[in-house]
Amino acid sequence: MARPEQVLLLEPQHELKFRGPFSDVVTTNLKLSNPTDRNVCFKVKTTAPRRYCVRPNSGIIDAGTSINVSVMLQPFDYDPNEKSKHKFMVQSMLAPPDMTDMEGVWKEAKPEELMDSKLRCVFEMPVENEKTHDMESNKMMSSSLLKSDSSALPAKSLSSTLDDGEVKKIMEECKRLQMEAQRLREENKQIREDDGLRMRKSNVMSSQHTSVGMKKEEGLSARTVALIILFFVVGVIVGKLVL
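The structure displayed is predicted, hence computed values, not measured ones.

*Asks:* Sorry, what's going on with the pattern of salt bridges here?
*Replies:* Going through the model one piece at a time under the given rule, you end up with four salt bridges. Between Arg19 and Glu124 there is a salt bridge whose closest N-O contact spans 3.8 Å. Of this pair, Arg19 sits in strand S2 (residues 15-19) while Glu124 sits in strand S9 (residues 115-124), placing them 105 residues apart in sequence. Note on Arg19: relative accessible area 39%, which makes it partly exposed. Relative accessible area serves as the criterion here: at 28%, Glu124 is assigned to the partly exposed category. Shared partners join several salt bridges into a network, and the residues in it are Glu15, Lys17, Arg19, Arg120 and Glu124.

Next up, the structure:
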C-alpha cells in the first residue's frame, strides 16, 4: 500500500542550502506549516547526524500553525570538488486524538500512516567573481576619493601617488600660474598709477584756468580804476581852464 501524501508544507521544498565559508557553524532554516484541521507529529532525520544539529528535531505542529526548524551545519574542511551526499527527511503523521506518549505513538505507527519528504543538502561558497567585483569596487572608490582630495594634498603626498612626469607637469603649471598672477598684479598697479597721474594733471589744469581768470579780472579792475582816475584828473584840469 502506497504511503499517503505529505500534509505538511515545507519551505524550502527540495533542498537545504548552506553558504560558506565553513570554518564556523552555518545555519539554515526549514519552515514546516500544518494547513490541516488536525495536529501533526513530525521528526527531522539526516543521513549525517554527526555533521548537523537540528532544533527542534521532533514535536507536534498544531492545526493551522507552523514552526521554524534550525539546521546547523558544523564546521568542516570544505572541498569544492566533493559533491554533498547529505540528505534530510521530514517524517510526519496525524496525531491521535488521545495521544499522551509521542514516542509510543511513533513506535506503534503503521507504515501506511507515515508521510515523508526528502531534501538534499547543497554547499555554496562565495563566487570568485563576487570577490573580484568587490575588489574592483573598492579600487574605484579609492580612486574617486584620491581625485576629490588631490587638490588639498601637499606636493609630498602627490609625489607618492603620481609618477615623476606627472609631478613635474603639475609643478610647472603652478609656476606658470604664479607668473601669470604676478603679471596681472603689475598691470593692475600700472593702471592705478596712470589713473592717478591723469587725475593730478586735470587738477593742475583746472587750477591754472582759475588763476588766469583771476588775473584777468584783477587786470580789468585795475584798468577801470586808472580810467576813473584819469577822467577825474582831466575833469579837474578842464574845469580850471574854463574858470
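Still more ground to cover, so stick around.
*Asks:* Can you help me understand the layout of surface pockets in this one?
*Replies:* Empty space within the largest pocket amounts to approximately 190 Å³. Broken down by element, the residue count for the lining of the largest pocket peaks at three residues, all from helix H1 (residues 102-108). Classifying every residue of the lining of the largest pocket by side-chain character gives five nonpolar, one polar and four charged. In this structure, the second largest pocket encloses a volume near 150 Å³. Along the walls of the second largest pocket sit Lys43, Val44, Lys45, Thr46, Pro49, Tyr52, Cys53, Val54, Arg55 and Asn57, which together make up its complete lining. Mapped by element, the contributors of at least two residues to the lining of the second largest pocket are strand S4 (40-46) and strand S5 (52-55). Within the lining of the second largest pocket, the residues separate by chemical class into five nonpolar, two polar and three charged.

What counts as what
Residues numbered from 1 in each chain as written. Predicted model: local features only at pLDDT ≥ 70, side-chain atom pairs only at ≥ 80, totals over all residues. Heavy atoms only, no water. Salt bridge = Lys/Arg side-chain N within 4 Å of Asp/Glu carboxyl O. Helix = DSSP H or I, 4+ residues; strand = E, 2+ residues; numbered from the N terminus. Buried < 20%, exposed > 50% of the residue type's maximum accessible area, 1.4 Å probe, protein only. 1 Å grid on protein atoms, 1.4 Å probe; cavity = no way out; pocket = protein on both sides within 12 Å on 5 of 7 lines; lining within 4 Å. Points joined across faces, edges and corners; volume = space filled by probe spheres on them. Nonpolar A, V, L, I, M, F, W, Y, C, P; charged D, E, K, R; others polar.

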